[in-house]
Amino acid sequence: MKVRIDTGCIMKMLPHRYPFLLIDRVTELEPGKSAVGIKNVTINEPFFQGHFPGEPIVPGVLLLESLAQLTAVMYGAAALPEGTDFANLNEESFSGIDLAGKVGYLAEIRNVKFKSLVRPGDTLELHAVKKIQMGLLSQIQVFARVDGQVVVEGIITVSQKA
Amino acid sequence: MAVSGKEQVTAYAEKKRQVCKDLKQMVVDQLCLDLDPEFITNDQPLFGRGLELDSIDSLELSVGVFNLYQISLSDDDKAVLSSINSLAEYVMEHQAKDASDGGADLSGGMDLG
């Protein structure tokens, strides 16, 4: 379903903060199943100081982190009470619910390819689709596009907090 | 057609040998093990001592089993992954059941997109 989950709500769902909150908006969401989000890359990103001087390129591991954070939002949404209106989420939808504290960890990355460079000015369109789950572990197919072209793709395994 | 007990046993053994062989190849491929599949014995523990696999690998194995046989393993079936033998028996049991149900149910419980 189409949604518009902005940073206010995202920060209710993720414990990540500056300089490590690497997702700006979630635009499509099927709680626990799939999600699409956006990360805008600007020259103000702190890591461009060193990666690399004179040649700003988003580190590949941070592209994966963006995708992992999208995955965490996808899972967090599944933990919201039944009847939650996802199309109109606001910060009050989270009152009394601690989702950020329940975000799990990255357990494995697999078959990841970085297919082209991501630079300031690029808008990353992030995609995550859950494949299978076994116990606390789930496998998620992820990819990101810039201008319709895939820049990173792979499979990540995430664990839920026991 | 009357099939003697002995032929049945031989056919079963032959089938199981093949399933074990396929499973070993799948384990090595799926987990990118630097290992000759023949090196894995049928009753060797896959987890802990033995092949030293872990829970992340078990998720990967369930993907492999699904790709190979369209059988989905759930949390409750984890014991099945203890050795190639137990996995082969589980697979054959399922195939026999699916055959008597009139064909495999490819939809399965597992959503593989």
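Rules behind the numbers
- Residues numbered from 1 in each chain as written.
- Chains lettered and ligands numbered in written order.
- Predicted model: local features only at pLDDT ≥ 70, side-chain atom pairs only at ≥ 80, totals over all residues.
- Heavy atoms only, no water.
- Contact = heavy atoms within 4.5 Å.
- Buried area = accessible area lost by both parts, 1.4 Å probe.
- Salt bridge = Lys/Arg side-chain N within 4 Å of Asp/Glu carboxyl O.
- Polar contact = N/O pair within 3.5 Å; in protein donor to acceptor, adjacent residues only side chain to side chain.
- Helix = DSSP H or I, 4+ residues; strand = E, 2+ residues; numbered from the N terminus.
- Nonpolar A, V, L, I, M, F, W, Y, C, P; charged D, E, K, R; others polar.
- Pairing = 2+ DSSP bridges.
- Axes fitted to C-alpha atoms, helices over the stretch in contact; angles between N-to-C directions.

**Student:** Quick one: what's the story with the interface of chain B and chain A, residue by residue and with numbers?
**Tutor:** With 19 residues of chain B at the contact, the number on the chain A side is 12 residues. Between chain B and chain A, roughly 1200 Å² of surface is buried when both sides are summed, and carbon and sulfur atoms account for 61% of that area. Broken down residue by residue, the surface that chain B buries against chain A is led by Ile56, Leu59 and Glu60 of chain B, which jointly contribute 46%. Seen at the junction of chain B and chain A, the total is 1 salt bridge. One salt bridge in this structure joins Glu60 of chain B and Arg110 of chain A, with 3.4 Å as the shortest N-O distance. Applying the counting criterion to the chain B and chain A interface returns 4 residue pairs in polar contact (both at pLDDT 80 or more). When residues of the side of chain B that touches chain A are assigned to their parent elements, the largest contribution, 7 residues, is made by helix H2 (residues 55-69) of chain B. Residue classes in the side of chain B that touches chain A are distributed as 9 nonpolar, 6 polar and 4 charged.

**Student:** Tell me about the sheet that holds strand E4 (residues 105-114) of chain A, residues and numbers included.
**Tutor:** Residues and elements named next belong to chain A. With respect to topology, 7 strands assemble into an open sheet ordered E1-E2-E3-E5-E6-E7-E4, the strand pairing being antiparallel. Two strands lie at the open edges of the sheet, namely strand E1 (2-5) and E4, each paired on one side alone. Looking at each pair of strands side by side, their axes are set apart by 25° on average, direction ignored. In the sheet, strand E2 (residues 25-30) pairs with strand E3 (residues 34-40) via 5 bridges, with the strands oriented antiparallel. Looking across to E3, one finds that Glu28 is bridged to Val36. Sitting on the sheet, helix H2 (residues 60-78) touches E2, E3, E4, strand E5 (123-134), strand E6 (137-146) and strand E7 (149-159), and the angle it makes with E5 is about 60°.

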